[in-house]
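Below are the chains, spelled out letter by letter.
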Amino acid sequence: MGDFRAGLKSEQKALAIREKVLGPKHSDTVHCHYYIGEFQKELGDFGAALESYQKALAVAEETEADHPWTRTYRERVDEMLREMEGDEEEQEEEDEEEEWE
């Protein structure tokens, strides 16, 4: 996990630089949000990952709606929503089982 934490910090620094130099709507800046989401997902921070993917998707849909990366961002958002929904359902089932014990 240390490598993912280091990667996340590095990508967050890159994002700050790219936002300043290239602007928030540049494709390289947008892609930083995606990679930050990837690191957050690997670290188990699904809520933050979803937010990062959604940031990437929002700008990409506005600036490059037909680009293949836009589809990738959309797929990640959908995947995270399904994963988070599955986690909630799993937790509810566990809670119900505990009530019966």
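Refer to the structure above for everything that follows.
Report on the accompanying structure. If you're wondering where the values come from, they're calculated on a predicted model, not measured in any experiment.

So, about the side chain of Thr29. Mapped onto the fold, Thr29 is located in helix H2 (residues 27–42). Judged by relative accessible area, which is 0%, Thr29 ranks as buried. Aside from chain neighbours lying at most four places away, what touches Thr29 is Leu15, Arg18, Glu19, Leu22, Gly23 and Pro24.

The next point concerns the side chain of Gln40. Along the polypeptide, Gln40 turns up in helix H2. Residues in contact with Gln40, not counting those within four places in the same chain, are Leu8, Asp45, Ala48, Ala49 and Ser52.

This brings us to a nonpolar patch on the surface. A surface patch of nonpolar side chains, about 290 Å² in accessible area, is lined by Ile17, Val21 and Leu22. You can see Val21 is positioned in helix H1 (residues 2–21).

For the pair H2 and helix H3 (residues 46–63), the least separation of the axes is 8 Å and the interaxial angle reads 160°. By the criterion of interaxial angle, the relationship of H2 to H3 is roughly antiparallel. Judged by the sense of rotation from one axis to the other, the crossing of H2 with H3 is left-handed. Residues Val30, His33, Tyr34, Ile36, Gly37, Glu38, Gln40 and Lys41 of H2 lie in contact with H3, whose contacting residues are Phe46, Ala48, Ala49, Ser52, Tyr53, Lys55, Ala56, Val59 and Ala60. A per-class count over the contact of H2 with H3 returns 10 nonpolar, four polar and three charged.

Bringing H3 into the picture now. Here H3 contains 18 residues, and its C-alpha end-to-end distance of 26 Å stays within 8% of the 26 Å for a straight helix at 1.5 Å per residue. Considered for burial, the residues of H3 that qualify are Ala48, Ala49, Leu50, Ser52, Tyr53, Ala56, Leu57, Val59 and Ala60.

About the cut-offs
Here the residue numbers are simple positions, counted from 1 along each chain's written sequence. Per-residue local features of the predicted model are confined to residues with pLDDT of at least 70, and side-chain atom pairs are confined, for both listing and counting, to 80 or more; whole-chain, interface and lining totals are unaffected and use all residues. Hydrogens and waters are ignored; side-chain quantities use all the structure's heavy atoms. By the criteria applied, helices consist of DSSP H or I runs no shorter than four residues and strands consist of E runs no shorter than two, each listed in order from the N terminus. Per-residue accessibility, obtained with a 1.4 Å probe over protein chains only, is compared with the maximum for each type, and a residue is labelled buried under 20%, exposed over 50%, and partly exposed between these values. In this analysis, two residues are considered to be in contact whenever any of their non-hydrogen atoms come within 4.5 Å of each other. Patch membership requires over 30% relative accessible area and the absence of a salt bridge. Like charges are linked within 9 Å, and nonpolar side chains (Val, Leu, Ile, Met, Phe, Trp, Tyr) within 5 Å. Shrake-Rupley sampling with a 1.4 Å probe provides the accessible areas, and residues are treated as covered by the protein chains on show and by no other component. By definition here, a salt bridge exists when the distance from a side-chain nitrogen of Lys or Arg to a carboxyl oxygen of Asp or Glu is within 4 Å. Think of each axis as a best-fit line through the C-alpha atoms, taken over the contacting stretch in the case of a helix, with angles from 0 to 180 degrees between the N-to-C directions. Here the word oblique covers every angle except those under 35 degrees (roughly parallel), over 145 (roughly antiparallel) and from 65 to 115 (roughly perpendicular). Crossings are sorted by hand: turned counterclockwise from the far helix by less than a right angle, the near helix makes the crossing left-handed, and turned clockwise it makes it right-handed. The nonpolar class holds Ala, Val, Leu, Ile, Met, Phe, Trp, Tyr, Cys and Pro. Asp, Glu, Lys and Arg form the charged class, and all remaining residues, Gly among them, are polar. Multiply 1.5 Å by the residue count of a helix minus one, and that product is the helix's expected span.

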